[in-house]
Amino acid sequence: MSDKKQQLVLAIIDFLHQSIDDGTVKQDDKESLDIAIQCIGEAFGVDPVDEEQRERLSIEPAKLQSIFDVFL
């Protein structure tokens with residue numbers, strides 16, 4: 001799989017984690033998002049806790065939300 005696709009997947013996973021952390025998503029829905037994060041990561045071969053992979057795929061300091069806002 002291409003790095004660009006995996007970069008997008010990592011950005012989505014980071015967005016979902018951030019949405020849990022900042023309260024955008026209710027704590028009641030945290031478990032559902034955790035499962036979704038795991039499934040998305042596995043489907044695309046992205047492990048968000050693998051530091052080597054994260055370093056290779058990260059789009060930081062950009063965030064998915066800021067990129068999306070630019071194109072709206």
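Structure: see above.
About the cut-offs
- Residues numbered from 1 in each chain as written.
- Predicted model: local features only at pLDDT ≥ 70, side-chain atom pairs only at ≥ 80, totals over all residues.
- Heavy atoms only, no water.
- Helix = DSSP H or I, 4+ residues; strand = E, 2+ residues; numbered from the N terminus.
- 1 Å grid on protein atoms, 1.4 Å probe; cavity = no way out; pocket = protein on both sides within 12 Å on 5 of 7 lines; lining within 4 Å.
- Points joined across faces, edges and corners; volume = space filled by probe spheres on them.
- Nonpolar A, V, L, I, M, F, W, Y, C, P; charged D, E, K, R; others polar.
- Contact = heavy atoms within 4.5 Å.
- Core = buried A, V, L, I, M, F, W, Y, C linked by side-chain atoms within 4.5 Å.
- Buried < 20%, exposed > 50% of the residue type's maximum accessible area, 1.4 Å probe, protein only.
- Expected span 1.5 Å × (residues − 1).
- Arc of directions from axis to C-beta.

*Asks:* Would you mind going over unusual backbone geometry with me for this structure?
*Replies:* Most of the time, phi is negative for any residue but glycine, and the peptide bond is trans. Between glutamate 60 and the following residue, proline 61, the backbone shows a cis peptide bond with an omega angle of 15°. Structurally, proline 61 is set in the loop between α3 (51-57) and α4 (64-71).

*Asks:* Would you take a moment to explain empty space enclosed by the protein for this structure?
*Replies:* Over the atoms rolls a probe the size of a water molecule, and in doing so it shows where empty space is left. For the coordinates displayed, the defined rule picks out 1 cavity of 30 Å³ or more. Each pocket or cavity is described by its volume, and for the largest cavity that value is around 110 Å³. Forming the boundary of the largest cavity are 13 residues, of which Ala11, Asp14, Ala62, Lys63 and Leu64 lie nearest the centre. Where the lining of the largest cavity is concerned, the elements lending two or more residues are α1 (3-21) and α4. Counting residues per element, the lining of the largest cavity draws most heavily on α1, at 6 residues. Partitioning the lining of the largest cavity into residue classes produces 6 nonpolar, 4 polar and 3 charged.

*Asks:* How do you make sense of the environment of methionine 1 when you look at a structure like this?
*Replies:* By secondary structure assignment, the location of methionine 1 is in the segment before α1. For the pair methionine 1 and isoleucine 35, spaced 34 residues apart in sequence, the C-alpha separation works out to 22 Å. When residues no more than four places from it in sequence are discounted, the contact partners of methionine 1 are Gln6, Ala43 and Phe44.

*Asks:* Help me understand the nonpolar core in this model?
*Replies:* If you look at soluble globular proteins, the nonpolar side chains tend to sit buried side by side. Grouped together as the largest cluster of nonpolar side chains are 10 residues: Val9, Leu10, Ile13, Leu16, Ile20, Val25, Leu33, Ile37, Val46 and Leu57. Put simply, the parts of the chain that give this core at least two residues each are α1 and α2 (30-44). Here this core takes 5 residues from α1, the largest share from any one element. Each residue touching leucine 57, except ones within four places of it in the same chain, is listed here: Asp3, Gln6, Gln7, Leu10 and Val46.

*Asks:* I'm lost on α2 in this one. Help?
*Replies:* Note: α-helices contain 3.6 residues per turn, so residues at a spacing of three or four share the same orientation. Between the first and last C-alpha of α2 there are 21 Å, a value that for 15 residues agrees with the 21 Å anticipated at 1.5 Å per step. Buried within α2 are the following residues: Leu33, Ile37 and Gly41. End-on view of α2: buried residues confined to an arc of 70°, all on one side of the axis. Pointing more than 90 degrees away from the buried face of α2 are the exposed residues Glu31, Glu42 and Ala43.

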